[in-house]
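Chain by chain, the residues:
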Amino acid sequence: MALSGALTSTVTLNALRRAITSASKNKAAIADPVMASIIQRDAVLGPVVGALLQRMSLLDLGGGKATATAEGAAQLASAAVTPTNIAPAPTRREYARDLLDSERSQLAGLGMGELPPDILDAFVMEGVDVWGNTVLSDILALATGASYSAGTTGTALSWAALQNGYLDMVNRGAVGEAGVFAAVKVKGIKDVANDVLSLGGAVQMANQVQQFMEVGKSGYVGSFFGGLRLYMLDDVATSGGDDVGVMLSERGVLTAHKVIPLPESATVLVQAGGGNWISREAKRSTSLSATTRIETAFWTASAAADPAAMTKLVYVTV
Amino acid sequence: MGTRPAPAGPAYQPPPAGLGPARPPTSQRPTGVLQGWRPGFVLLARLDRLEVSGGLVLPDLARADAVAGRGGNTSADTVDPAGWVASLERQGYRRVPDDLDFECWGARRAGCASGCTYRDWYETDRVAGRWSEAWTRPKVLGSVIKWPVDWDGKRAFQQQVLKWLLNGSELDSDLIEAACAPAIEIARAYLGNVGNHEAARRLKHLVAQLPLEHIPSDLAPYAPTKD
């Protein structure tokens, strides 16, 4: 933590406000219907929002066509049934803050707006944001291993790449009720915005394209092609000169969480259990004097589920 | 406020075995030091997932990061992403060998310090450092750090991967067509507006990625000249 010395002045009236960071855009992305649908299927988070799934198996069903046969002929080989199992194994993630006694004392009452008066409470509050950032970052990182791709390595992202990637997902039958979540970095958004203007005609003048000229502060760029919601996010993966964005429908990812309650010896701020999957603990530092350590911990995992439901959006980083 | 360790962020991971340097105190860290953290990773490829780049048909590389809990990794997979690799192998991907030699940044990669020809390790301000593909390397410009790319080096690596995947056989013409199709589709979107400078620039750049012998006739006028 780096608290400004000016804020601790006992002479000047100060207020402590939440700093603007690029991660604030993650709040809109984690609330997208595709993300909500993924979280609903999570075994631990599912009960909180009304659904439950620990693991998922994919059965390739209903895609075949019958073959013409003659009576009395040898039997045809039957279609194999080989479900693919996906069972992400939750692992522990931790985020810690060290808070000096003097900081806590001097900052008491300065919290304004979305910040609570006690700085300790602000760090407790931070835990849900950290969880959201982590899960979103994990899901975005899965794009580097996606089987399906749109865009071209070493070249700028284009409207046609976005459109073709979406149409291919529709063609694969991969788009569900929640539509498609898509995320690229700001470079990718700029690429597409410049591109639609260069295409001219129907594309340039289309109502949906005008959304590039009125992008809201949340990082949500707009809805395109009737079912793709595009976000501008910093946590999009990179791979050796390219950014690797993602197009994702709800079947593309399975997450898993685990509730691990803190033991009696812990100074519990917020306890895991009872639908709360994050533990927050305050403990006096054993290595630093007059310091309290606030630890946020949770167990999480994310894995690609149905390969057809994820497309990586490849475009040059610079 | 005193000197304290940096907060342990979500990306704060133990260093890879035998590679992670001890983190120097804040006061001893040089200015311009690389920031952040990037996990170790493994590259995989499969013969039916190809892309075009610089006039060549090359394997589209999939990457599995060594982050526990991500992509099918277990809590033990912090150095080698075995869980994620197994998941990709079930889809038909093959793990690229660590010892494929190629030229990058003007030097052969065989025998490189990281022990893997396509990975490089950089010390950073975190306990765990930063792994990067061999064709990107940091360039510190005061407080700004750029990661230039040796695209020819990347393509040289991908050519070796393709050779390894083919194992002496020829690349099927249908696979070549499938690899060229996305770039051709995108390039054709610009044909209706070639008078626009940006559209013309993008069109030429896309066509330049295609192998000369696979540039369709309607895009041929925008192909790079041989000189």
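Basis of the calculations
- Residues numbered from 1 in each chain as written.
- Chains lettered and ligands numbered in written order.
- Predicted model: local features only at pLDDT ≥ 70, side-chain atom pairs only at ≥ 80, totals over all residues.
- Heavy atoms only, no water.
- Axes fitted to C-alpha atoms, helices over the stretch in contact; angles between N-to-C directions.
- Helix = DSSP H or I, 4+ residues; strand = E, 2+ residues; numbered from the N terminus.
- Parallel < 35°, antiparallel > 145°, perpendicular 65-115°, else oblique.
- Left-handed = near helix turned anticlockwise from the far one by under 90°.
- Contact = heavy atoms within 4.5 Å.
- Nonpolar A, V, L, I, M, F, W, Y, C, P; charged D, E, K, R; others polar.
- Pairing = 2+ DSSP bridges.
- Phe/Tyr/Trp six-rings, centres within 6.5 Å; stacked < 30°, edge-to-face > 60°.
- Buried < 20%, exposed > 50% of the residue type's maximum accessible area, 1.4 Å probe, protein only.

Participant: Would you mind going over the packing of helix H3 (residues 173-188) of chain B against helix H4 (residues 197-209) of chain B in detail, with residue names and values included?
Facilitator: Residue and element names in this part refer to chain B. At their nearest, the axes of H3 and H4 sit 9 Å apart, and the two run at 160 degrees to each other. Considering their axes alone, H3 and H4 lie roughly antiparallel with respect to each other. Considering only the axes of H3 and H4, their crossing is left-handed. Residues Ala183, Ile186 and Ala187 of H3 form the contact with H4, whose own contacting residues are Leu203, Leu206 and Val207. For the contact of H3 with H4, the per-class residue count stands at 6 nonpolar, no polar and no charged.

Participant: Summarise the sheet that holds strand S4 (residues 62-65) of chain B; cite the residues concerned and give the values.
Facilitator: Hydrogen bonds between backbone atoms are what pair the strands of a sheet, whose relative direction is either parallel or antiparallel. Residue and element names in this part refer to chain B. The 3 strands lie next to each other as S4-S1-S5, forming an open sheet whose pairing is antiparallel. On the outer flanks of this sheet lie S4 and strand S5 (94-95), each paired with one strand and no other. Relative to S4, strand S1 (residues 41-45) runs antiparallel, the two being bridged by 4 bridges. Of the residues in S4, the one forming a bridge with Val42 is Ala64. Across the sheet, helix H1 (residues 82-90) lies against S1, S4 and S5, angled at about 150 degrees from S4, the strand it touches most.

Participant: I'd like a description of the packing of aromatic side chains, backed by residues and values.
Facilitator: Per the counting criterion, the structure on display carries 15 aromatic pairs over all chains. Between Phe224 of chain A and Phe225 of chain A, the aromatic rings sit 6.4 Å apart at their centres with planes inclined by 50 degrees, giving tilted as the arrangement. Assessed through its relative accessible area of 0%, Phe224 of chain A is described here as buried. Each ring, one from Tyr118 of chain B and one from Phe157 of chain B, has its centre 5.5 Å from the other, and the planes form 50 degrees; the classification is tilted. Separated by 39 residues along the polypeptide, Tyr118 of chain B in the loop between strand S7 (107-108) and strand S8 (119-122) and Phe157 of chain B in helix H2 (residues 151-166) bring together distant segments of the chain.

Participant: Give me the lowdown on the side chain of Asp191 of chain A, citing residues and values where you can.
Facilitator: With respect to the helices and strands, the residue Asp191 of chain A is situated in helix H7 (residues 186-199). Taking the relative accessible area as the measure of exposure, Asp191 of chain A reaches 7% and is therefore buried. In contact with Asp191 of chain A, not counting residues within four places along its chain, are Ala156, Leu157 and Tyr315 of chain A together with Arg202 of chain B.

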